[in-house]
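# Per-entry structural report
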Protein chains: 2
Amino acid sequence: MELVSRVLTGDRRALARLISQIEDEEPSVQEALSALHPHTGRAHIVGITGAPGTGKSTLVNELAKGFRRQGETVGIVAVDPTSPFTGGALLGDRVRMRDLAGDPGVFIRSMATRGSLGGLARATGDVVRVLDAAGFSVVLVETVGVGQAEVDIARTAHTTVVVEAPGLGDDVQALKAGLMEIADILVVNKADRPGAAQTVRALEVALELGWNSAAKSQGRWRPPVLQTVAVDGTGVGAVLEAIAAHRAYLQSSGLWDHRERERARADLMEALERGLMAWARSRVGEEELERWVERIVRREADVYSAVQALLGRCLGAA
Amino acid sequence: MELVSRVLTGDRRALARLISQIEDEEPSVQEALSALHPHTGRAHIVGITGAPGTGKSTLVNELAKGFRRQGETVGIVAVDPTSPFTGGALLGDRVRMRDLAGDPGVFIRSMATRGSLGGLARATGDVVRVLDAAGFSVVLVETVGVGQAEVDIARTAHTTVVVEAPGLGDDVQALKAGLMEIADILVVNKADRPGAAQTVRALEVALELGWNSAAKSQGRWRPPVLQTVAVDGTGVGAVLEAIAAHRAYLQSSGLWDHRERERARADLMEALERGLMAWARSRVGEEELERWVERIVRREADVYSAVQALLGRCLGAA
């Protein structure tokens, strides 16, 4: 595994190649990930998520620069909902590339949806682990936090920053609810725009509702609501401080280990699921599966009875 | 199964109860869905998806009224990204309720994220099938089409309407790419606003790029780009006509059956996956699974080798 040892030294071309292999779902990747696993677990994984138009790419850019000034190395994974139809990265990504390009302490990668959603979430998780193993001390995972899938991706982080902006439409406001739950830090970006104070107040009220006195007495983390103007860097320092404070809280409370365990469990279950399905498909055979599909379409069988029959067939001897 | 026979007669309280059971993942639901399966396959399932702020709820409302005037009965499933944190339906939904309330030919249901994304997608599919079995001739599935998950939900429809609006931010524009692929009909809503003509032109160009001469010669469906002002009903008639034309195209081309088969296959695979996991978990035991999680956390094992060991253990005799 020459590639693995090169990744462990932080070799950028090796990193890029391994990540491409992950995206292409090459079978050889599994071995590389296994070899890298003992070297993971050191990076602080920070998810940054927000609705479209909140300016989160700019914020990610500024956070990366701030971490660099503190001597951290930064991996950035931008989960990008563009598709083969356009084939390109987001504009924001190109802007970012220009800004951070040439800094050997920063590695940026966009992940596009190639196939299924599950595939994207899995690949993103694998890329985060690779950057962790490669020695980046902070890994920023940027997602468009409007779909549950993107929220799920953000959820794999140690610390989740949810970015809002004043003056987005009602529809977007309603979407925030799902994000509030996963926020460790709330940032109102574009805070120089009209309505910023109202947005901050609305978030504070929502937090107050969710964060009851029981939580208070248990000393649970209270997500701060911070304001930034990412385009000129205003307020970014306070976000960096909040991220560091959240990390310290996770470690002192034992939640850091808890989140590690949750992540390991989810990864194991997902891999087990895929292993079982591959086994069942090869055992039953594609033809037999197609016959059941046909029966379901003709309404001669329903999915539930089909599964019972298939399970009986492939697990009969087990 | 008294509940099933009441659902088959279109009894609204029975429908509401069964849908709640689906949302709560009650085990008894499986039997009801099996009993309803022979009665499904008649409804035209229309997905309506678009970014926040495009006014798609209003459009759904107007489409429902239009279908009603044509004598169709309409089930509406609004997939709602709000969460237990707020616990409420979207404002748009309440507006809609008021407008269509009291019409026995319309049934509206909001689906909220309760647990996992997979759970929501599955529950939405089940609710669509229930409304189909209950005899609604059109089922409209409204999703916020910005996340891949929502796109996946929309994908289960026969006909997918993608709603755009002029003047949304760049971020939102970039998000469109993923939606373009799944669009059978493109609607630029709020077409009385500045920039509508540009939005239409941009969509036409994007379509032209994706819709090459080969597709043209094969007589493939060319998504029309329509303009509406849903708040006053302008252009909604043309959208209804396009939906009917797409249905005729699906049926004459054999794609209707093809999509049925794809859906049946996806449902079967997902149910098989769940069945296998339930079996494996009970066979291996939660304690053993936790031991592997612990080994992964301690970097004594990696996910891949854990899965190999677990598969060997539970499939050894199979």
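The structure under discussion appears in the preceding block.
Residues numbered from 1 in each chain as written. Chains lettered and ligands numbered in written order. Predicted model: local features only at pLDDT ≥ 70, side-chain atom pairs only at ≥ 80, totals over all residues. Heavy atoms only, no water.

### Remarks on the side chain of B:E23
Residue and element names in this part refer to chain B. Relative to the helices and strands, E23 is located in helix α2 (residues 12-23). For E23, a relative accessible area of 11% corresponds to the buried category. At 3.1 Å, the side chain of E23 and the side chain of R109 are in polar contact. (Helix = DSSP H or I, 4+ residues; strand = E, 2+ residues; numbered from the N terminus. Buried < 20%, exposed > 50% of the residue type's maximum accessible area, 1.4 Å probe, protein only. Polar contact = N/O pair within 3.5 Å; in protein donor to acceptor, adjacent residues only side chain to side chain.)

### Points about the pattern of salt bridges
A side chain of one charge can pair with a side chain of the opposite charge if their charged atoms are brought near each other. Residue and element names in this part refer to chain A. Counting across every chain of the model gives 43 salt bridges over all chains. R259 serves as the salt-bridge partner of D184, at 3.5 Å between the closest nitrogen and oxygen. A residue pair is termed long-range when its members are at least 10 positions apart, and D184 in the loop between α8 (170-182) and β6 (185-188) and R259 in helix α12 (residues 255-284) qualify at 75 residues. Take D184: its relative accessible area is 7%, and that puts it in the buried class. Judged by relative accessible area, which is 23%, R259 ranks as partly exposed. For the salt bridge of E300 with R298, the shortest nitrogen-to-oxygen distance reads 3.2 Å. Beyond isolated ion pairs, a larger network of salt bridges with shared partners links E25, R122, E270 and R274. (Salt bridge = Lys/Arg side-chain N within 4 Å of Asp/Glu carboxyl O.)

### Thoughts on the packing of aromatic side chains
Within this structure, the stated rule accounts for four aromatic pairs over all chains. Seen in terms of ring centroids, A:F107 and A:F136 are 6.3 Å apart; in terms of plane orientation they differ by 40°. Their pairing is tilted. Taken together, the positions of A:F107 in strand β3 (residues 106-112) and A:F136 in the loop between α6 (117-133) and β4 (138-144) put the pair 29 residues apart, joining distant regions of the chain. The exposure class assigned to A:F136 is buried, which follows from its relative accessible area of 7%. Both rings, one in B:W221 and one in B:Y249, keep their centres 5.5 Å apart while their planes meet at 35°; by these two values the pair is tilted. Highlighted residues: B:W221 in the loop between α10 (213-217) and β7 (225-227) and B:Y249 in helix α11 (residues 236-253), separated in sequence by 28 residues. The same class applies to B:W221 as to B:Y249, namely buried. In this arrangement the basic side chain of A:R295 is found over the ring face of A:W292, its NZ or CZ atom lying 4.3 Å from the centre. (Phe/Tyr/Trp six-rings, centres within 6.5 Å; stacked < 30°, edge-to-face > 60°. Lys NZ or Arg CZ within 6 Å of the ring centre and 35° of its normal.)

### Notes on helix α4 (residues 56-69) of chain B
Residue and element names in this part refer to chain B. Its 14 residues place the ends of α4 20 Å apart at the C-alpha level, agreeing with the 20 Å of an ideal helix rising 1.5 Å per residue. Summarising burial for α4: 10 of the 14 residues are buried, a large majority. Those residues of α4 that fall on the buried side of the exposure criterion are K56, S57, L59, V60, N61, E62, L63, A64, G66 and F67. After α4 finishes, the residue G71 shows a positive phi value of roughly 90°. (Expected span 1.5 Å × (residues − 1).)

### Concerning the side chain of A:T49
Relative to the helices and strands, A:T49 is located in strand β1 (residues 44-50). Of the polar contacts made by the side chain of A:T49, one reaches the side chain of A:T143; its length is 2.9 Å.

### Some points on unusual backbone geometry
Most of the time, phi is negative for any residue but glycine, and the peptide bond is trans. All names here are of chain B. Unlike most non-glycine residues, E25 shows phi in positive territory, near 55°. Assignment of secondary structure puts E25 in the loop between α2 and α3 (29-36). On the accessibility criterion, E25 (55% relative accessible area) is exposed. If you check the backbone angles, K190 has positive phi at about 55° while not being a glycine.

### Topic: the pairing of β1(A)
All names here are of chain A. Across the seven residues of β1, seven count as buried, placing the element largely inside the fold. Where burial is concerned, the two faces of β1 agree: the one with H44, V46, I48 and G50 and the one with I45, G47 and T49 are both buried. Taken together, the seven bridges between β1 and β4 define a ladder with parallel strand orientation. By the bridge assignment, G47 is partnered in β4 with V141. Both β1 and strand β5 (residues 159-164) contribute to a ladder of five bridges, which runs parallel. Each residue of the ladder has a partner; that of V46, found in β5, is T159. (Pairing = 2+ DSSP bridges.)

### Describing the packing of helix α11 (residues 236-253) of chain A against α12(A)
All names here are of chain A. Contact geometry of α11 with α12 gives a least axis separation of 5 Å together with a crossing angle of 85°. One element, α11, and the other, α12, form an angle in the roughly perpendicular class. Here α11 contributes H246, R247, Y249, L250, Q251 and S253 to the contact with α12, which in turn contributes L255, W256 and R259. A per-class count over the contact of α11 with α12 returns four nonpolar, three polar and two charged. (Axes fitted to C-alpha atoms, helices over the stretch in contact; angles between N-to-C directions. Parallel < 35°, antiparallel > 145°, perpendicular 65-115°, else oblique. Contact = heavy atoms within 4.5 Å. Nonpolar A, V, L, I, M, F, W, Y, C, P; charged D, E, K, R; others polar.)

### Concerning the pairing of β5(A)
Looking down a regular strand, the side chains alternate between one sheet face and the other. Residue and element names in this part refer to chain A. Extensive coverage of β5 is indicated by the burial of six of its six residues. Side-chain alternation along β5 places T159, V161 and V163 on one buried face and T160, V162 and E164 on a second face that is also buried. Note: β5 against β6, four bridges, orientation parallel. Residue pairing for β6: V162 is matched across the bridge by L186.

### Some remarks on the packing of helix α13 (residues 286-297) of chain A against helix α12 (residues 255-284) of chain B
A packed helix pair is summarised by two numbers, namely the angle formed by the two axes and the spacing between the axes. Taken N-terminus to C-terminus, the directions of α13(A) and α12(B) make an angle of 120°; their axes are 9 Å apart at the nearest point. Here α13(A) and α12(B) pass one another in a crossing that is right-handed. Only B:E260, B:R261, B:A264, B:R265, B:L268, B:M269 and B:L272 of α12(B) make contact with α13(A), whose side of the interface consists of A:L289, A:E290, A:W292, A:V293, A:E294, A:I296 and A:V297. In the contact of α13(A) with α12(B), the residues fall into nine nonpolar, no polar and five charged. (Left-handed = near helix turned anticlockwise from the far one by under 90°.)

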